[in-house]
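Observations on chain architecture
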Amino acid sequence: MTTKASTTKKRSRTKSTAKKEVNGKKSSVLQIQNLPLGNIKPDPEQPRKTFNEDALQQLSASIENHGVLQPITVRQLNGHYVIVMGERRYRASKLAGKKTIPCIVRTYENNDVLEVQIIENLQRRDVEPTEEAEAIAYLSEKYVPAEIAKQLGRTDNFVRQRLKLAGLIEGFKHFVRNGEMTISLGVGVALFTPEEQQMMLETMGEDFSAHQINRMIKDQTYDLEKASFDVIDKKLVPKAGSCVECPFNAANQGNLFGEGKMVCTKSACFETKKTKSFLNLIEKSKKENILLIPEIRQYWVDDENNQLIISHLEKNGLKVYLLDDVELIEEPTKPTIEAIKIEYQHYDYSEDELKAELKEAIQNYEEKLKNYNLAADNGFVNGIVFHPETYQNKEVFVKIIEKSIDESTEYSAPLTNRKMADCTPEEQIVKINEREIRKKHIENNKHFEEVVQMIRETEYINTKKTLSTDEMVAFSISLFENNVDYMSQQKYFSKFLGDTSKMTKIEMVENFKKKFKKEVFHKLIRYMITKQVHFGESNHVNNLTNISFYNAMQGYYKSKIADIEKEYAQKQDKREARLKERITVLEKQIQELND
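Presented here is an overview of the structure given in this document. (Residues numbered from 1 in each chain as written. Predicted model: local features only at pLDDT ≥ 70, side-chain atom pairs only at ≥ 80, totals over all residues. Heavy atoms only, no water.)

When its secondary structure is counted, the chain shows 22 helices and 14 strands. Taking all 595 residues of the chain together, 33% fall into the buried category. Of the contacts made within the chain by residues no fewer than 6 positions apart, 64% connect residues no fewer than 24 positions apart. Carbon and sulfur atoms provide 51% of the accessible area of the chain, an area that totals close to 40200 Å². (Helix = DSSP H or I, 4+ residues; strand = E, 2+ residues; numbered from the N terminus. Buried < 20%, exposed > 50% of the residue type's maximum accessible area, 1.4 Å probe, protein only. Contact = heavy atoms within 4.5 Å. Areas by Shrake-Rupley, 256 points an atom, 1.4 Å probe, with all protein chains shown as cover.)

Here Ser-93 is to be found in helix H3 (residues 87-95). Residues Ser-93 and Gly-67, spaced 26 residues apart in sequence, show a C-alpha to C-alpha distance of 8.4 Å. Contact partners of Ser-93, with chain neighbours within four places excluded, come to Leu-37, Ile-63, Val-68, Lys-98 and Ile-101.

This next bit is on the nonpolar core. As a rule of thumb, nonpolar side chains are buried together in soluble globular proteins. Membership of the largest hydrophobic core comes to 21 residues, with the highest contact counts inside it found for Phe-172, Met-181, Val-189, Met-200, Met-204 and Ile-213. Among the secondary structure elements, those contributing two or more residues to this core are helix H8 (170-177), helix H9 (183-189), helix H10 (194-204) and helix H11 (210-220). Once residues within four sequence positions are removed from consideration, Phe-172 is found in contact with Met-181, Val-189, Gln-197, Met-200, Leu-201, Met-204 and Ile-213. Within the second largest apolar cluster, 18 residues are counted, among which are Leu-37, Leu-59, Ile-63 and Ile-101. (Core = buried A, V, L, I, M, F, W, Y, C linked by side-chain atoms within 4.5 Å.)

Attention now moves to the packing of helix H18 (residues 469-483) against helix H20 (residues 505-514). Closest axis-to-axis distance for the H18/H20 pair is 10 Å, and the angle between their directions is 120°. The angle between the axes of H18 and H20 places the two elements in the oblique class. Crossing of H18 over H20 shows right-handed handedness. Counting all contacts with H18, which are made through Asp-470, Val-473, Ser-476 and Ile-477, the residues of H20 involved are Val-509, Phe-512 and Lys-513. In terms of residue class, the contact of H18 with H20 is made up of four nonpolar, one polar and two charged. (Axes fitted to C-alpha atoms, helices over the stretch in contact; angles between N-to-C directions. Parallel < 35°, antiparallel > 145°, perpendicular 65-115°, else oblique. Left-handed = near helix turned anticlockwise from the far one by under 90°. Nonpolar A, V, L, I, M, F, W, Y, C, P; charged D, E, K, R; others polar.)

Quick look at the pattern of salt bridges now. For the coordinates displayed, the defined rule picks out 17 salt bridges. Put simply, Asp-223 and Lys-261 hold a salt bridge, and the shortest N to O gap is 3.0 Å. Note that Asp-223 is positioned in strand S9 (residues 222-223) and Lys-261 in the loop between S9 and strand S10 (263-264), a separation of 38 residues in sequence. Asp-223 gets classed as partly exposed once you look at its relative accessible area, which sits at 23%. Across the salt bridge formed by Glu-395 and Lys-284, the nearest N and O atoms sit 3.4 Å from each other. Note that Glu-395 is positioned in strand S14 (residues 393-400) and Lys-284 in helix H12 (residues 267-288), a separation of 111 residues in sequence. Accessibility expressed as a relative area gives 29% for Lys-284, which makes it partly exposed. (Salt bridge = Lys/Arg side-chain N within 4 Å of Asp/Glu carboxyl O.)

This part takes up the sheet that holds strand S11 (residues 291-294). Here we have four strands laid out as an open sheet, ordered S11-S13-S14-S12, and mixed in their pairing. Two strands bound the open sheet, and with one partner strand each, they are S11 and strand S12 (326-329). The sheet shows a mean angle of 45° between the axes of neighbouring strands, direction not considered. Looking at chain direction, S12 and S14 are connected through four bridges and run antiparallel. Bridging across to S14, Val-326 finds its partner in Ile-400. (Pairing = 2+ DSSP bridges.)

Attention now goes to the packing of aromatic side chains. Summed over the entire model, instances satisfying the criterion amount to seven aromatic pairs. On the numbers, 6.2 Å between centres and 35° between planes, the contact of Tyr-556 with Tyr-557 is tilted. By relative accessible area, which is 53% here, Tyr-556 ends up exposed. The structure contains a cluster of three or more aromatic residues connected by ring pairs, namely Tyr-222, Phe-229 and Phe-270. Residue placement shows Arg-154 over the ring face of Phe-158; its charged tip is 4.2 Å from the ring centre. Over the aromatic face of Tyr-391 sits the side chain of Lys-274, whose NZ or CZ is 5.2 Å from the ring centroid. (Phe/Tyr/Trp six-rings, centres within 6.5 Å; stacked < 30°, edge-to-face > 60°. Lys NZ or Arg CZ within 6 Å of the ring centre and 35° of its normal.)

What follows is the structure in structure tokens.
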């Protein structure tokens, strides 16, 4: 039963007042009024366009039971009220069948309304990303990213990423809205011009493919850390200026590829600088009389791109030497224990073994350094080696290999070392077939890498299905090939693949699958369990791998393990007894000194 006192309290709450700050200024005292829902209209200019239906239903149920706990903000316009903040509460109240809703009526300048609505919406955590991006883009016309970030309680990087996302064309925004496209991938696409984005969209086709989009982004962006030119140089291409300050450097657009990662998103500019740096390299070679060596071997000399490089060098008056024609000495890099650990990270090496590897590496380094320091005395001259596609280069010492007359005769050189023009028609057929085999091999390499990369981007690892036979076969062969040494192969797995003398690699896998038994899989697992334990400072009480191994073996060799434990326990007891005696003597000495 509602009392008069409780009704009075409700009215007092309805007429409660509130002070707000708008643009740093305190407004007049405002009343909270219960206004009819029929007199209130949503703002057609409201930046928020999407509302989660399930969330609205939940809010509606809450309002039905408890009422609207926070009033909405409205403004008067042409005899009715327009919502400034709180359209979600307004919609939920209508769903709940309410007739009125608590409101704060305020007066705004037209330009202020949209800004207030945007900031109010952006401070929520459920804003649809593309709407959020468009809203932040609107604010950026008036504020710098740092100011927007402060108003929203976000980081500068978050604001910059959303500003970039705002540049996404509508065709891609659709995929972000329905959850097919991640925000980070959307930002990656937004790096490109609308025309380039449209081309990517049409190339992809109707079905969304994150893998295909990632590949297109990769093909059209360039890692500036691997550039053949100095990214700080403002004079290389004066109109473009320095890459470090360039707006097309992803590092200047909100760390889109990682903290401080410099990636060029303007392919035409990058290619121009790359070409200019190559021309500068040729000029340096001519001016300083330095041998310029392309990283091309005789076998690949007929490749179209390699032919262009060779022709370019010859047109500039340089004699062309290939890798087969020279001996090179590079300045060696001194090895460190950190580098050794990285190199052998997939091996179960102890600290002593790693130190032994470091010692051997240092010996090799000192020998190479000695040769490098004596290079000039041994007939080597200054040279530069460069990659024929990226133009990345490094300074080296070079010596031209002297060839005898017999070696340089037309047909005495191996077929792979001769140019196509120097071969007979029969030999040309052989070379063509050999190169086709090699090209297929390279294509297969790229094909496989692309498939693996695509799978790594899926949810395969999180699949809840049990392992299929094919997966167990794949894991078994992977373990066998990569983790079982030759001696163990002969000792434990001599019949693992069967007679493979007349089989191709594919046939070997198919044959293994036909004869596959789970016992083989279990045997490999048990082999790996025994091989992957850690020694040195690790044992069965301080290392997770060792503890789990120790526990597992209890199920097979409990009595034998108990015998070993007993032996070590006896040693420990004797040692502790001696230790106790020693401490007792020392304590007596201390007591005597104190007395």
